[in-house]
Amino acid sequence: MFLNPSRQDWAEKGNDLLIRAFARYAKRKPMAIMLMSDWGKNMQDAKSLINSLNIQGNIRWVGLMPKNDLIECYRQSTAVFDQFVFGASGVTMPEAMSCGKPVVTYARPKLWTQYHRSSPPVLSANTVDGIYDAMVRLEDANFREAQGKAARDWILANCDDRLVAKQHLALYEEVVGA
């Protein structure tokens, strides 16, 4: 089961790319399921696209939920799909990685290495083909497990609260000219 908890905002999240890639994947794996958020400005567009691609039976809609329920969804998923437009992250990617889940998202390395020791070990994609290829790669249980472990390890090494606070302090000092 794949999870895409990001709001339906095609300009900012690229969910339309994910839906098209998943439609292709569902032809390969007809029993595949994608949990998708049921909110955002492109909600009706998403439902129309899903219907036109005839994958409505493979989609399960989930509403906004308490954080503990979302964490349980992360844990139950095979992989988490975030955003495919900007190359940066909000909270979905690090939360999923903290749960030891592989993440498919678009990650621009230069954005990450400014503030972290390395880029996050995600399957970076920003096209329908790239997202589909990630889905196929995630069929391998050993690969999924290794990606999940690398994700969790990266979070522990790069997102420690003391490290993040130190980085924020340096940024604040730079901004105010201290």
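Above this note sits the structure.
Cut-off values and rules
Residues numbered from 1 in each chain as written. Predicted model: local features only at pLDDT ≥ 70, side-chain atom pairs only at ≥ 80, totals over all residues. Heavy atoms only, no water. Core = buried A, V, L, I, M, F, W, Y, C linked by side-chain atoms within 4.5 Å. Buried < 20%, exposed > 50% of the residue type's maximum accessible area, 1.4 Å probe, protein only. Helix = DSSP H or I, 4+ residues; strand = E, 2+ residues; numbered from the N terminus. Pairing = 2+ DSSP bridges. Arc of directions from axis to C-beta. Axes fitted to C-alpha atoms, helices over the stretch in contact; angles between N-to-C directions. Parallel < 35°, antiparallel > 145°, perpendicular 65-115°, else oblique. Left-handed = near helix turned anticlockwise from the far one by under 90°. Contact = heavy atoms within 4.5 Å. Nonpolar A, V, L, I, M, F, W, Y, C, P; charged D, E, K, R; others polar.

Ranked by internal contacts, the top residues of the largest apolar core, which has 29 residues, are Phe-22, Met-34, Phe-81 and Met-135. Those elements giving two or more residues to this core turn out to be helix H2 (15-28), strand S2 (34-37), helix H3 (43-52), strand S4 (79-81) and helix H7 (128-137). In terms of residue count, H2 provides more of this core than any other element does, seven residues in total. Membership of the second largest hydrophobic core comes to 17 residues, among which are Leu-3, Cys-73, Val-80 and Val-103.

Quick look at the sheet that holds strand S1 (residues 2-4) now. Across the sheet, six strands lie side by side as S3-S2-S1-S4-S5-S6; this open sheet has parallel pairing. Because the sheet does not close on itself, it has two edges, and the strands there are strand S3 (59-62) and strand S6 (123-124). Two elements, strand S5 (residues 103-105) and S6, share two bridges in a ladder whose sense is parallel. When the bridges of S6 are listed, Val-104 appears paired with Leu-123.

Taken together, the buried positions of helix H4 (residues 67-76) are occupied by Leu-70, Cys-73 and Tyr-74. The arc enclosing the buried residues of H4, seen along the axis, measures out at 100°, which places them on a common side. Among the exposed residues of H4, those oriented more than 90 degrees off its buried face are Asn-68, Arg-75 and Gln-76.

Our focus in this paragraph is the environment of Lys-13. Positionally, Lys-13 belongs in helix H1 (residues 10-13). Note: C-alpha distance between Lys-13 and Tyr-106 (93 residues apart in sequence) is 9.6 Å.

Where H2 contacts H3, the two axes come as close as 10 Å, and the packing angle between them is 15°. The angle between the axes of H2 and H3 places the two elements in the roughly parallel class. As H2 packs across H3, the resulting crossing turns out to be right-handed. The segment H2 lies against H3, with Asp-16, Ile-19 and Arg-20 engaging Ala-46, Leu-49 and Ile-50. The class makeup of the residues in the contact of H2 with H3 is four nonpolar, no polar and two charged.

As a further point, take the packing of H2 against H7. Packed helix pairs are specified by the crossing angle of their axes together with the interaxial distance, meaning the distance between the axes. In contact at an axis separation of 8 Å, H2 and H7 are set at 45° when each is read in the N-to-C sense. When the axis of H2 is compared with that of H7, the two are oblique. The way H2 lies across H7 gives a crossing that is right-handed. In contact with Leu-17, Leu-18, Arg-20, Ala-21, Phe-22, Arg-24, Tyr-25 and Arg-28 of H2, H7 contributes Val-128, Asp-129, Ile-131, Tyr-132, Met-135 and Val-136. Grouping the constituent residues of the contact of H2 with H7 by class yields 10 nonpolar, no polar and four charged.

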